[in-house]
Amino acid sequence: YVDKWIGPPGIANTIKVCHKKLIAYNCDVIALEQLIIPLIKDQHICLLGDGAMAQNVIMLAKLNHATVSQYSRKLNKWDQRHTDSDVLINATSIGMNASESPVEQILSNTVIDCVIGPTKLIKDAKALGKVCVTGADIYMKQFKQQFYVYTDGRRTANKHKSLAAAKRYINQ
């Protein structure tokens, strides 16, 4: 049960109690908005995955006149994922092991990998000179948004320490 949604209802990764009411935020979509809108606007996206992050991407794509071809094992379309597109977005857990990638070849000019650590997909994309957004980029924006939510936007002496700690954790 949520009393109020900040943003579109349905997906939340941050809950704040304010005046005995539960307020839900989707800090992931805010981070994605800040990072990927210029990269996906009016583009064709090859989206890997079908979870909450994939749903965030689909919502942003619709708002920015992008087309999406979605591939996942659950949708029984995983074998069709090697397709030409402007943007490849990995919203699966594949690649959390730095030696595996969700694709055998990169057929897009831009690669966005939502996996937080160093990934083979990003390593391969950078080697090919592709434009890249890493999971670390996404989650630093998401952490900053959560910090803003929980502190009511107040700047605190611990803000920089907290964000530095988050960055160290991401880059482990």
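Calculation notes
Residues numbered from 1 in each chain as written. Predicted model: local features only at pLDDT ≥ 70, side-chain atom pairs only at ≥ 80, totals over all residues. Heavy atoms only, no water. Helix = DSSP H or I, 4+ residues; strand = E, 2+ residues; numbered from the N terminus. Contact = heavy atoms within 4.5 Å. Pairing = 2+ DSSP bridges. Axes fitted to C-alpha atoms, helices over the stretch in contact; angles between N-to-C directions. Salt bridge = Lys/Arg side-chain N within 4 Å of Asp/Glu carboxyl O. Buried < 20%, exposed > 50% of the residue type's maximum accessible area, 1.4 Å probe, protein only. Parallel < 35°, antiparallel > 145°, perpendicular 65-115°, else oblique. Left-handed = near helix turned anticlockwise from the far one by under 90°. Nonpolar A, V, L, I, M, F, W, Y, C, P; charged D, E, K, R; others polar. 1 Å grid on protein atoms, 1.4 Å probe; cavity = no way out; pocket = protein on both sides within 12 Å on 5 of 7 lines; lining within 4 Å. Points joined across faces, edges and corners; volume = space filled by probe spheres on them. Phe/Tyr/Trp six-rings, centres within 6.5 Å; stacked < 30°, edge-to-face > 60°. Lys NZ or Arg CZ within 6 Å of the ring centre and 35° of its normal.

**Student:** Teacher, can you tell me more about the side chain of Lys16 here?
**Tutor:** Relative to the helices and strands, Lys16 is located in strand β2 (residues 14-18). Those residues within four positions of Lys16 in sequence are excluded, and the remaining contacts are Lys21, Leu22, Ile23, Tyr25, Val149, Tyr150 and Asp152.

**Student:** I keep staring at the sheet that holds strand β5 (residues 67-71) and nothing clicks. Help me out?
**Tutor:** Across a sheet, paired strands are connected by hydrogen bonds in the backbone, their directions being either parallel or antiparallel. What the 5 strands build is an open sheet, ordered β5-β4-β6-β7-β8; its pairing is parallel. Among the strands making up the open sheet, the edge pair consists of β5 and β8 (131-133). For this sheet, the mean angle separating the axes of adjacent strands, direction not counted, is 15 degrees. With 4 bridges connecting them, strand β6 (residues 87-90) and strand β7 (residues 110-113) associate as parallel partners. Residue pairing for β7: Leu88 is matched across the bridge by Val111. Most of the contacts of helix α2 (residues 52-63) go to β5, to which it runs at about 160 degrees, and overall it touches β4 (44-48), β5 and β6. On top of the sheet, helix α4 (residues 135-150) reaches β7 and β8; it is set at about 45 degrees to β8, its chief contact.

**Student:** Got a minute to help me understand the pattern of salt bridges in this structure?
**Tutor:** Proximity of charged atoms lets side chains of opposite charge pair with each other. Scanning the entire structure with this criterion turns up 3 salt bridges. When the shortest N-O distance is used, the salt bridge between Glu104 and Arg81 registers 3.4 Å. Pair noted here: Glu104 is in the loop between β6 and β7 and Arg81 is in the loop between β5 and β6, with a separation of 23 residues, a long-range link. On the accessibility criterion, Glu104 (63% relative accessible area) is exposed. On the basis of relative accessibility, which here comes to 9%, the residue Arg81 falls in the buried class. Of the charged contacts in the structure, one is a salt bridge between Lys120 and Asp124, with a shortest N-O distance of 2.8 Å. Here Lys120 pairs with Asp124, and both are found in helix α3 (residues 120-127), just 4 residues apart, close to one helical turn.

**Student:** I keep staring at the packing of helix α1 (residues 27-40) against α4 and nothing clicks. Help me out?
**Tutor:** In a packed pair of helices, the relevant descriptors are the angle between the two axes and the axis-to-axis distance. Where α1 meets α4, the closest approach of the two axes is 8 Å, and the angle between their N-to-C directions is 125 degrees. In terms of their interaxial angle, α1 and α4 are classed as oblique. Crossing of α1 over α4 shows right-handed handedness. Listed contacts from α4 to Cys27, Asp28, Ile30, Ala31, Leu32, Gln34 and Leu35 of α1 are Asp137, Ile138, Tyr139, Lys141, Gln142, Gln145, Gln146 and Val149. For the contact of α1 with α4, the class distribution of residues is 8 nonpolar, 4 polar and 3 charged.

**Student:** I would appreciate a short explanation of empty space enclosed by the protein in the present structure.
**Tutor:** One pass over the structure, following the stated rule, counts 1 cavity of 30 Å³ or more. Roughly 40 Å³ of volume is contained in the largest cavity. For the largest cavity, the full set of lining residues is Cys46, Arg81, His82, Thr83, Leu88, Val103, Gln105, Ile106, Leu107 and Ser108. Classifying every residue of the lining of the largest cavity gives 5 nonpolar, 4 polar and 1 charged.

**Student:** I would appreciate a short explanation of the packing of aromatic side chains in the present structure.
**Tutor:** Ring pairs (aromatic) are described by centroid distance and by the angle formed between their planes. Across all of its chains, the model carries 1 aromatic pair by this definition. Residues Tyr139 and Phe143 carry aromatic rings whose centres are separated by 6.5 Å and whose planes lie at 50 degrees to one another, so their mutual orientation is tilted. Here the residue Tyr139 and the residue Phe143 both occupy positions in helix α4, the gap between them amounting to 4 residues, near one helical turn. Since its relative accessible area comes to 19%, Tyr139 is described here as buried. A cation over a ring is seen here: Arg73 above Trp78, with NZ or CZ 5.4 Å from the ring centre. Across from the ring centre of Tyr71, 5.2 Å away, lies the NZ or CZ of Lys77, which sits over that ring.

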